[in-house]
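Tertiary structure, described
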Amino acid sequence: IRDMFFFRLKFIFGSCAVPALDLVDQRSVTRVTSPSGRTAYQVLGSSGKLYTCYSSCHFCTCPAFGFTVLQKSESLLCKHILAVYLSQAMGACQELTVSEEQLTSILLAEEEDEG
């Protein structure tokens, strides 16, 4: 059954399936929640950089998402977003509760990195 699951995952999501599973195995996905219930996910990428993902709007701050998903439309998602979805389904997310100010700081830090 595990092999069939893996085959289907790879068939649907292509080359990002294996790296996404590696991220899940390494417990690289953290669900960050504030007291108001706002949620974002942080994924420690294989390069050691931390990316912020939003499953609610299907977005990741990594360059691969911007290039292959948004610009080229060659893929549905990047390995970080797939890792978020798989971690949610498997109950493998790390959990971190932060203040509203801390969550805002996380979100603004990503914008500063891009600008």
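Before reading further, recall that the structure is shown in the block above.
Residues numbered from 1 in each chain as written. Predicted model: local features only at pLDDT ≥ 70, side-chain atom pairs only at ≥ 80, totals over all residues. Heavy atoms only, no water.

**Here we look at the sheet that holds strand S2 (residues 39–44)**
Taken in spatial order, the five strands line up as S4-S3-S2-S1-S5 in an open sheet, and their pairing is mixed. Two strands in the sheet have a free side with no partner beyond their single neighbour: strand S4 (59–60) and strand S5 (94–97). Relative to S2, strand S1 (residues 29–33) is paired through five bridges, and the arrangement is antiparallel. Within S2, the position partnered with Thr-30 by the bridge is Gln-42. (Pairing = 2+ DSSP bridges. Helix = DSSP H or I, 4+ residues; strand = E, 2+ residues; numbered from the N terminus.)

**Concerning the nonpolar core**
Counting residues in hydrophobic clusters, the biggest one holds 25 residues, and the most contacted among them are Val-29, Cys-53, Cys-60, Phe-65, Ile-81 and Leu-86. Elements with a minimum of two residues in this core: helix H2 (17–25), S2, strand S3 (50–54), helix H3 (63–71) and helix H4 (79–90). When near neighbours in sequence (up to four residues on either side) are disregarded, Leu-86 contacts Phe-5, Leu-9, Ala-20, Leu-21 and Val-24. (Core = buried A, V, L, I, M, F, W, Y, C linked by side-chain atoms within 4.5 Å. Buried < 20%, exposed > 50% of the residue type's maximum accessible area, 1.4 Å probe, protein only. Contact = heavy atoms within 4.5 Å.)

**Details of unusual backbone geometry**
Phi angles above zero are rare outside glycine, and Arg-27 is one such case at about 55°. Assignment of secondary structure puts Arg-27 in the loop between H2 and S1. In this structure, His-58 takes a positive phi of about 55° despite not being glycine. For His-58, the location among the structural elements is in the loop between S3 and S4.

**Quick notes on the pattern of salt bridges**
For the structure shown, the criterion picks out two salt bridges. Two residues, Glu-95 and Arg-31, come together in a salt bridge whose shortest N-O distance is 3.9 Å. A residue pair is termed long-range when its members are at least 10 positions apart, and Glu-95 in strand S5 and Arg-31 in strand S1 qualify at 64 residues. For Arg-31, a relative accessible area of 31% gives the class partly exposed. A salt bridge links Arg-38 to Glu-100; its shortest N-O distance comes to 3.3 Å. Of this pair, Arg-38 sits in the loop between S1 and S2 while Glu-100 is found in helix H5 (residues 100–114), placing the two residues 62 residues apart along the sequence. In this structure Arg-38 comes out as partly exposed when scored by relative accessible area, which is 36%. (Salt bridge = Lys/Arg side-chain N within 4 Å of Asp/Glu carboxyl O.)

**Focus on a nonpolar patch on the surface**
A contiguous nonpolar surface patch, about 500 Å² in accessible area, is contributed by Met-4, Phe-7, Phe-11 and Ile-12. Its location among the elements puts Phe-11 in helix H1 (residues 2–13). Owing to a relative accessible area of 67%, Phe-11 belongs among the exposed residues under this scheme. (Patch = residues over 30% accessible without salt bridge, like charges linked within 9 Å, V, L, I, M, F, W, Y side chains within 5 Å. Areas by Shrake-Rupley, 256 points an atom, 1.4 Å probe, with all protein chains shown as cover.)

In short, geometric facts, not functional conclusions.
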